[in-house]
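Summary of the model geometry
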Amino acid sequence: MSNTTTDAAPVRPPLVAMNHGAASPASPWRLTDTALAMLLALLGGLGLSLIVRSHGDALAMRSIGGRWFQSDGWRVFDDMVSLAASHHRNSVRPLFSLLSLPGTALLRQGFGLSAMEAIWAFNGLVLALWSAAIYATARLIGVGRGAAFGLAATSLSSAAALFWFTVPETYGLSSLALALALWLAAWAGARRTTTPPVLAQTASALMLAGTLVTSLAWVPLMAWAFQGLRAGARWAVIGVGLFVLAWGAQKLLLPGPAGLVTGTAKREMQFVLHKDQGGPLCALAGEVLSPLVMPPVWETSDQEPSGKRVSAQCSMPWHSTQPLAWVSALLWLAALTAGAEVLLRGGLRSPFDRFLAVAVCTQLGVHLLYGEETFLYALNFVPLWLALVARGLVGPRRRLVSGIVMALPLLLAAHNHAALTQSLIGPDDMASDVRFATRLAGPAQPQP
């Protein structure tokens, strides 16, 4: 008999789903999943196109010429389409202009789009990737195809998607970075690996650090959840280094680069515990409810020349006269509660659950303290909340949660579109604000 031995081929870790208290085989990604992800992208693009066709002029005027929930739409417009812009917000999101400028330039040159049309098209591409990442994360957690599709469709009909992907704003890219980080964590958890691949983890860290400085916290949190405190500390240093690297790149490439975040820290501190936030209850409603179910929008006393300045701060869905708002809010809270129950009953044993729980607490804590209009940050909460609901879809109340996520897309689409239409009612003299008129008339130039 021969004593020769053969080297065993490396065994690939099995793909598992994080079920309630145990790991069970998860169905692999099939062509059907790709088709469903493409269908989500098509639905998102179609919805965005219909909104722009109906309300495009009013949305552009509100966001560029005035205040849209306290966002700086005219500055973001410049950052997305004008190389000569000040790019002042790159101090806290250094990759934003470096990613959006080439994207909108290609769309304008390739398809002959106007500046605003290119922004809408760019946002549509981000929206497609965002919804696909949410769908893929749910599938890795162990959610069935139908329920995962319903969950991603819920993201498309959320108030955050309807109100923020339709205007020039930076939070679409930062929310995509958060959604991709959750996908990476779910993938690593499903593979039962001790850590996500270093290259993927580095790319995710760069995207997080480069699109929003407060997302830096997610970089060490993921490392801590999978590898422990020492790895978390190491990736905290790496995250800061990647942020500085991204800031240095925009400083070299852009003619009017932003200063380092340290130079704006004093100015940003004025938004901590700001009186216009209305207290923790108002902020909490803006974090948990408003991203999905738009509450009544009210007109502030601070008028802009081009129309009313609107706000949703301290407004609740039950303040609405529309039953759809109440029903949607109750269903949404029930789905969130079911997901939180699975997370807590599981004892946060899986790395993904630990990462999700600490990420939720971190994001809640940041905006309980920081900001005036909490709805401005709505897109940064949607991937987190839907990942939490996805945990409920593999728990003991999965049938209840499945029914909710199948009903929510239609309920939210109807209610949130009506809320969007209502928020745009007001004077529409587009020539009355120089910020709007000059930007839509020709090439974008930096304006005060």
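Residues numbered from 1 in each chain as written. Predicted model: local features only at pLDDT ≥ 70, side-chain atom pairs only at ≥ 80, totals over all residues. Heavy atoms only, no water.

A look at the nonpolar core
Counted only if it meets this: What is meant by a nonpolar core is a set of buried Ala, Val, Leu, Ile, Met, Phe, Trp, Tyr and Cys residues, joined one to another through side-chain atoms within 4.5 Å. Relative accessibility under 20% of the residue-type maximum defines a buried residue, over 50% an exposed one, and the middle range a partly exposed one, all with a 1.4 Å probe and only protein chains included. The numbering of helices and of strands both runs from the N terminus, where a helix is a DSSP run of H or I of at least 4 residues and a strand a run of E of at least 2.
Trp68, Trp130, Phe163 and Trp164 are the most contacted members of the largest nonpolar core, which totals 120 residues. Looking at this core element by element, the count peaks at 15 residues for helix α4 (residues 115-141).

Topic: the packing of aromatic side chains
Where we set the bar: Think of it this way: a Phe, Tyr or Trp ring, Trp meaning its six-membered ring, pairs with another when their centres are within 6.5 Å, and the plane angle makes it stacked under 30 degrees, edge-to-face over 60, tilted otherwise.
Within the structure shown, the criterion is met by 12 aromatic pairs. Pairing phenylalanine 381 with tryptophan 385 gives two aromatic rings, centres 6.2 Å apart and planes at 15°, and the pair type is stacked. The class of phenylalanine 381 is buried, set by a relative accessible area of 1%. When its relative accessible area of 5% is taken as the criterion, tryptophan 385 is described as buried. The structure contains a cluster of three or more aromatic residues connected by ring pairs, namely Trp68, Phe69, Phe163, Trp164 and Phe375.

Regarding helix α5 (residues 145-156)
The cut-off we apply is this: By definition here, a helix of n residues has an expected span of 1.5 Å times n minus one.
If you check α5, its first and last C-alpha atoms are 17 Å apart, about what 12 residues at 1.5 Å a residue would give, namely 16 Å. Where burial is concerned, most of α5 is hidden: 10 out of the 12 residues are buried. Taken residue by residue, α5 has Ala147, Ala148, Phe149, Gly150, Leu151, Ala152, Ala153, Thr154, Ser155 and Leu156 as its buried positions.

What about the environment of valine 401?
This is how it is decided: Whether two residues touch is decided by their heavy atoms; if any such pair falls within 4.5 Å, the residues are in contact.
Its location among the elements puts valine 401 in helix α16 (residues 398-423). On the basis of relative accessibility, which here comes to 0%, the residue valine 401 falls in the buried class. If near-sequence neighbours (up to four positions away) are discounted, valine 401 is found in contact with Ala335, Ala338, Val389, Gly392 and Leu393.

Re the layout of surface pockets
Any space left empty among the atoms is revealed by the rolling of a water-sized probe across them. Our working rule: Only protein atoms enter the 1 Å grid used here. Points where a 1.4 Å probe fits but cannot escape make up a cavity, open sets with protein on both sides within 12 Å along at least five of seven lines make up a pocket, and a residue lines them when an atom lies within 4 Å of a point. Grid points are joined across faces, edges and corners, and a volume is the space filled by probe spheres set on the points. Gly counts as polar in this scheme, as do all residues outside two lists: the nonpolar Ala, Val, Leu, Ile, Met, Phe, Trp, Tyr, Cys and Pro, and the charged Asp, Glu, Lys and Arg.
By volume, the largest pocket is sized at about 500 Å³. Around the largest pocket sit 23 residues that line it, and Leu43, Gly47, Leu156, Ser157 and Ala413 are the ones nearest its centre. Put simply, the parts of the chain that give the lining of the largest pocket at least two residues each are α1 (31-65), α5, α6 (159-164) and α16. Of the residues forming the lining of the largest pocket, the biggest block, 7 residues, is contributed by α1. The class makeup of the residues in the lining of the largest pocket is 17 nonpolar, 6 polar and no charged.

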